[in-house]
Amino acid sequence: MTRTDLRPVAAPSRPARSLVALSIGAAVVAALFVIDAVAPTLFPASLPTRAQDGLTLAISVLIESMPFVALGVVLSIVVQVWVPPGVIERWMPRRAWARRAVLSLLGMVVPVCECGNVPFARGLLMRGFSVPETMTFLIAAPIVNPIVIITTHQAFGFSDGILIARLVGGYLIANLIGWLYSRHPSPNGLLTERFRDTCALVVHEPGGRGRRSLAQFVIELRAVMPALVIGSALAGAVQVLIPREALVAIGSNPALSIVAMMALAMVVAICSNVDSFFALSFASTFTPGAIVAFLLVGPLVDVKMLALMRTTFTTRTLAGIVVVVLLSAFAIGTVVNLLA
Amino acid sequence: MRRAEWIGTRWLGVGLAAILAVVTLGLAVTGRLALYINPDSTWFAVSMSVVVLVGAAASFMLPLGAEADHGHDHPVVERAQRDETPAPTRAYPVVERAQRDETPAHPHHHPRHPAAVAASVVGGVAASGVVVLTLVLPPASLSAELAMSRDVGATPLFAGADAVTLAATGDTSSFGVGEWATVFATATNPDAFDGDPIELTGFVTPGEGGDFDLTRLVVTHCVIDAQPASVPVAGEPIPETGQWVTVTGTVRATSDGRLEIDAASVAEIPEPKDPYEY
C-alpha cells in the first residue's frame, strides 16, 4: 500500500466512497438478475427456427467459453500485477529458440483452454515477453495440454498415429510460427496499435496492486468480450447457414478430404478439449490425415479464435498465421495418410 | 466524447461479461444450464461467473476512465516510431521494454483512423445485440431440422467400445438413444440383443430402415458439438417429424442382420426439460 500513499491526492473519504461505489456495483448486478428473471416472460420466443438455432448455438459457445476467458483474465492479472519482476524470467533459457521451446510447453501447466489463452498471452506480452515467444505459446497451448491429450487419447487411442501426429504437429507448427516471426524486422509491428497503447498504459498504471488489478480486469474484458461474442455469433451463424453435407460430400479423396476437414474445423469452432470426440464421428468416412488436419487447424485458427486474436495481432499477421497453419496441417495430414 | 468512450469501455467489457455471468447463474439456479452445456462443467461455469460478478461490482470502485488514465508519465509509443519499421539495432528479447523506455514521457493521444473507429462501433453494437438477446429471450433447445441437417450418415461413436461390451453383458437399463445408436451401428452379433426390452425418449425424424427414426442430440461439451444419434423404429402410428415421443418395445434383429426397435407403444409427449443426452 506504500505506493498509494505516494499519490499526490489523498482524499480522506476514500474508503467511504469506495463502499458507495461497491454498493452501486452490487445494485447494478442485482438489477441484471431481475431483468434476467423478468424479461423472458415479456418477450415470448418468436424468432424464426434458424435464427433461434443460430442464437442457441452462439449462446452455448459463449456460456461454455466465458468461464475460461474469465480464468484467462485472472491469470493475466496474476502474471501482470502480482508476480514480481524477474521470477518467471529467471527460469527461462537465454537462447531465443530454447525460450520458445519451453514456452510452447507452458500449456501443460496453465489450465486454460484456447479462449482463455488469448488474455493470458496478452498478459505475457505486457510483462515483456517478445511477440514471437508469446505467439509460440498461443499456438502450442491449445494442443499441447493435458486435457487435450487425455480426450484425444480417449477418442482415438494410438490408432493411426493420430494422437502423436496431433501433439508433435501442434508443437512443431507453434515453433515454426515463432521462428518465422522472430525473423520479422519489427515484432511490435505485428501487434495492433490499440494493444500497443494498452501495453504502454498498463505498465505505467498508477496505484496499488488492487487498483491495477481492477484496471487490468476492465481493460482485458473490454478487449476480449466483444471479440468472443462476435466469434461465437459467427460460429453459430455459419453452422446454420453452411450445410454440413456440402463439406462431407468431398469426403474420402486423400487430398480433398484434408481440405474439407480443415474447412470444417475453421467453421465449427469447437473447443480443443472435446473436438476429438467430434472428429471421431468422421473417422469412418474420412482419411486419418484429414482427421489430424482437423485436430490441428481447429484449435489454432477457427473463426472464434481469429476474432479473439484480432484483438492483439494485425489482420496481416493473422493472415500469415492462418496460411502457415493451413499449409503445415495439410503437409502433416498428407504424411499421416502416406504412412497410415 | 471521452466520457462516452469510457462508458463504452465499461459496457463492452465488464458489462457484457456481467450479463453473461448473470444469464449463466440464472440458468444454473433454474436448472436449465444443461440446455447449453454439459452438466459436468456446471461447477466451473458457476464459480467463474461469480468471480466475474464480484469483479464487475468491484470495478465500480475504479473511477470512470481511470483504466485509461496513464498517470503522470505515460510513454505511449510515438506514431512515427511505429511506422518506421526498421530499427534493427534493438535487442531482441527486450524489444518492448527498450522501446518503452526510449520514448519521451509526455501524454500523447493520436487519433484513430475513422474506419477503425467505425469498425469497433459496429462490432460493439453487434456484440451488444447478441448479449442483450441472450438476456431477454427465454432459453431454447435446438430444432429437429438442425438435428437432421447435422446427420451426415456416420454414426457418432460416443461411448466407444464400452457400450457394446456393456450391452453384451445384458445391462442396458441406463442406455439412451446415443448408446443404443452406437450398439446398433457396431454390434458384430446382432442376435445377442434380440428381445432386449427398451424404453427410449427422443424426437421423430424420417427413417431409412424402419418406419421412422428416433433421434436425440448428444452433447459432449456444449451444444455446438451436439450430434444426432438415431435408432430405427418399426411401429405405428408414425408421428410427425420433430414430435417428441417415448417408445416402448423390444430390440429386434431383422432378417438382413440389422437391429431395429419393434415398438409396442409410441406415446407423444411434450419436449422434456433435458432435451439432450451427454
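Residues numbered from 1 in each chain as written. Chains lettered and ligands numbered in written order. Predicted model: local features only at pLDDT ≥ 70, side-chain atom pairs only at ≥ 80, totals over all residues.

Draft legend 1. Up close: the overall build of chain B. A count of helical and extended segments in chain B gives 8 helices and 6 strands. Ordered by position in the sequence, the α and β elements of chain B form the string α-α-α-α-α-α-α-α-β-β-β-β-β-β. Taking all 278 residues of chain B together, 39% fall into the buried category. Residue pairs at least 24 apart in sequence account for 67% of intrachain contacts in chain B once pairs closer than 6 positions are excluded. (Helix = DSSP H or I, 4+ residues; strand = E, 2+ residues; numbered from the N terminus. Buried ≥ 20, exposed ≤ 12 C-beta atoms within 10 Å, placed from the backbone. Contact = placed C-beta atoms within 7 Å.)

Draft legend 2. Representation of the domain arrangement of chain B in the model. Residue and element names in this part refer to chain B. Taken domain by domain, chain B consists of domain 1 (2-70 + 107-136) and domain 2 (149-277). The partner domain 2 presents 7 residues to the 4 residues of domain 1 that form the contact. Per-class residue counts for the side of domain 1 that touches domain 2 are 3 nonpolar, 1 polar and no charged. (Domains from an automatic or database assignment. Nonpolar A, V, L, I, M, F, W, Y, C, P; charged D, E, K, R; others polar.)

Draft legend 3. Spotlight on the pairing of strand 4 (residues 244-253) of chain B. Residues and elements named next belong to chain B. Examined bridge by bridge, strand 1 (residues 197-206) and strand 4 share 7 bridges and lie antiparallel to one another. Residue pairing in the sheet places Thr201 in a bridge with Thr246 of strand 4. In this sheet, strand 5 (residues 259-268) lies alongside strand 4 in antiparallel orientation, the contact comprising 9 bridges. Looking at the pairing, Val251 lines up with Ile261 of strand 5. (Pairing = 2+ DSSP bridges.)

Draft legend 4. View of the nonpolar core. Counting residues in each nonpolar core, the largest one holds 171 residues, and the members touching the most others are A:Met261, A:Ile291, A:Ala293, A:Phe294 and A:Val297. Taken domain by domain, the makeup of this core includes at least three residues from each of domain 1 (2-70 + 107-136) and domain 2 (149-277) of chain B. For A:Phe294, the residues in contact, after removing those within four places along its chain, are A:Met261, A:Met262, A:Leu264, A:Ala265 and A:Ala279. (Core = buried A, V, L, I, M, F, W, Y, C linked by C-beta atoms within 7 Å.)

Draft legend 5. Here's a closer look at the pairing of strand 5 of chain B. Residues and elements named next belong to chain B. Pairing of strand 3 (residues 227-234) with strand 5, which is carried by 2 bridges, proceeds in the parallel orientation. Among the inter-strand pairings, Ala234 is bridged to a residue of strand 5, identified as Asp262. Hairpin connection between strand 4 and strand 5: a loop of 5 residues separates the two successive antiparallel strands, and Gly257 in this loop has a positive phi of roughly 85°.

Draft legend 6. Up close: helix 2 (residues 14-42) of chain A. The first and last C-alpha atoms of helix 2 of chain A sit 41 Å apart over 29 residues, in line with the 42 Å expected at 1.5 Å per residue. The principal kink in helix 2 of chain A, of about 25°, is found at A:Asp36, preceding the proline A:Pro40 by one to four residues. Buried within helix 2 of chain A are the following residues: A:Gly25, A:Leu32 and A:Asp36. Next to the buried residues of helix 2 of chain A lie helix 1 (2-29), helix 2 (42-58) and helix 5 (114-136) of chain B. (Expected span 1.5 Å × (residues − 1). Bend = angle between axes of the 7 residues up to and from the residue.)

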